[in-house]
Amino acid sequence: AELGELDAAVSECRACPRLVSWREEVAATKRAAFRDQEYWGRPVPGFGPADAEIGILGLAPAAHGGNRTGRIFTGDRSGDVLFAALHRAGLANQATSVSRDDGLTLHHTRVFAAVRCAPPDNKPTPAERDTCAPWLHREMELVRPTMRVVVALGGFAWSAFWPALTAVYGARPPVPRPAFGHGTLWQGPAGLPALLGCYHVSQQNTFTGRLTPAMLDDVFARAIDLAGL
Ligand code: SF4
């Protein structure tokens, strides 16, 4: 229930003027293919059970994906790739994710983003990143009892993990901080979640073959192992 309250609270947030106007402008103008649909046009909460052992941390909702459907990674190509992989790994009940009421259920996994509103060009400013960070921290606090591993999709998410480590766990990040890399694993002292790097599931990576389905399968197999599942 607490996580549901947080999800409801974040979806009312208007703290970043540039992102508020962008998300609402996109929702009002729409992409032609979706012109009959009502866009969400608000901050997009995390998705998945409150007792998840695995966290999957993305960058921000896509303008015509999460910002349209109201569910993170839902309704865009990135999500198609991500949820198909989660399904192959046994972490989702179905391979597709098209709308908030499509019957998708995640197992042991919570998907969330470092920034909750769709940014222009998928690039939040440092100020927007910092303004939104407490939402992620509150969410991680609520899933803290079970969370064992965070899969960071891309360098932005990887960087967002370290402030969360301090805010949620009171832990000091390692110095120097390990650089992001696909397959890079950081494990701190007992009681802290492991951090596993994975190239972002964006079309830039999946269409070019930089990130293949087999590579994603390897990442989620490792995450399941690290989570003790
Ligand atoms: Fe609020 Fe985060 Fe959206 Fe900024 S990005 S308006 S802090 S939910």
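Cut-offs applied
Residues numbered from 1 in each chain as written. Predicted model: local features only at pLDDT ≥ 70, side-chain atom pairs only at ≥ 80, totals over all residues. Heavy atoms only, no water. Buried < 20%, exposed > 50% of the residue type's maximum accessible area, 1.4 Å probe, protein only. Helix = DSSP H or I, 4+ residues; strand = E, 2+ residues; numbered from the N terminus. Pairing = 2+ DSSP bridges. Near = heavy atom within 4 Å. Nonpolar A, V, L, I, M, F, W, Y, C, P; charged D, E, K, R; others polar. Salt bridge = Lys/Arg side-chain N within 4 Å of Asp/Glu carboxyl O. Phe/Tyr/Trp six-rings, centres within 6.5 Å; stacked < 30°, edge-to-face > 60°. Lys NZ or Arg CZ within 6 Å of the ring centre and 35° of its normal.

Next up on the list: the pairing of strand 1 (residues 54–58). With respect to burial, strand 1 is a largely interior element, 5 of its 5 residues being buried. Alternating positions in strand 1 separate into two faces, Ile54, Ile56 and Gly58 on one and Gly55 and Leu57 on the other, with burial throughout. Bridge count for strand 1 against strand 2 (residues 109–113) is 5 bridges, and the pairing is parallel. Paired with Ile56 across the two strands is Val111, which belongs to strand 2.

In this section: the site of the ligand. Neighbouring residues of the ligand: Cys13, Ala15, Cys16, Leu19, Arg23, Pro43, Val115, Arg116, Cys117, Thr131, Cys132 and Trp135. Looking at the shell around the ligand, the elements with two or more residues in it are helix 2 (17–29) and helix 5 (126–143). Tallied by class, the residues present in the shell around the ligand amount to 9 nonpolar, 1 polar and 2 charged.

This part takes up the pairing of strand 3 (residues 149–153). In terms of burial, strand 3 is largely enclosed, as 5 of its 5 residues are buried. Side chains Val149, Val151 and Leu153 of strand 3 all project onto a buried face; the interleaved residues Val150 and Ala152 project onto the opposite face, where all are buried too. Sheet topology note: the strand 1/strand 3 ladder contains 4 bridges and is parallel. Its bridge partner lying in strand 3, Leu57 is registered against Ala152. Pairing between strand 3 and strand 5 (residues 194–198): 5 bridges, direction parallel. Note that in strand 5 the partner of Ala152 across the bridge is Gly197.

Note that the residue after Val175, namely Pro176, is joined by a cis bond; omega there is -10 degrees. Positive phi outside glycine occurs at His108, with the angle close to 65 degrees. Tracing the chain through its elements places His108 in the loop between helix 4 (77–88) and strand 2. Phi angles above zero are rare outside glycine, and Asn122 is one such case at about 55 degrees. Among the secondary structure elements, Asn122 is positioned in the loop between strand 2 and helix 5.

Across all of its chains, the model carries 10 salt bridges by this definition. Across the pair Arg18 and Glu128 runs a salt bridge whose closest N-O atoms are separated by 2.8 Å. Here the residue Arg18 occupies a position in helix 2, and Glu128 occupies one in helix 5, the gap between them amounting to 110 residues. The exposure class of Glu128 is buried, given its relative accessible area of 6%. As a salt-bridge pair, Glu139 and Arg110 come within 2.6 Å of each other at their nearest N and O atoms. In this pair, Glu139 sits in helix 5 while Arg110 sits in strand 2, placing the two residues 29 residues apart along the sequence. Judged by relative accessible area, Arg110 falls into the buried class, the value being 2%. Where salt bridges share partners, they join Asp7, Arg110, Arg116 and Glu139 into one cluster.

Tallying each qualifying case throughout the model produces 6 aromatic pairs. Ring geometry for Trp162 against Trp186: centres 5.2 Å apart, planes inclined by 85 degrees, an arrangement best described as edge-to-face. In this pair, Trp162 sits in helix 6 (residues 155–169) while Trp186 sits in strand 4 (residues 185–186), placing the two residues 24 residues apart along the sequence. For the pair Trp162 and Trp186, a shared accessibility class is recorded, and that class is buried. Members of the aromatic cluster, connected to one another through ring pairs, are Trp158, Phe161, Trp162, Phe180, Trp186 and Tyr199. Between the NZ or CZ atom of Arg42 and the centre of the ring of Trp40, over which it lies, the distance is 4.5 Å. Taking NZ or CZ as reference, Arg210 lies 3.9 Å from the ring centre of Tyr199, over its face.

Shape descriptors only; they carry no functional weight alone.
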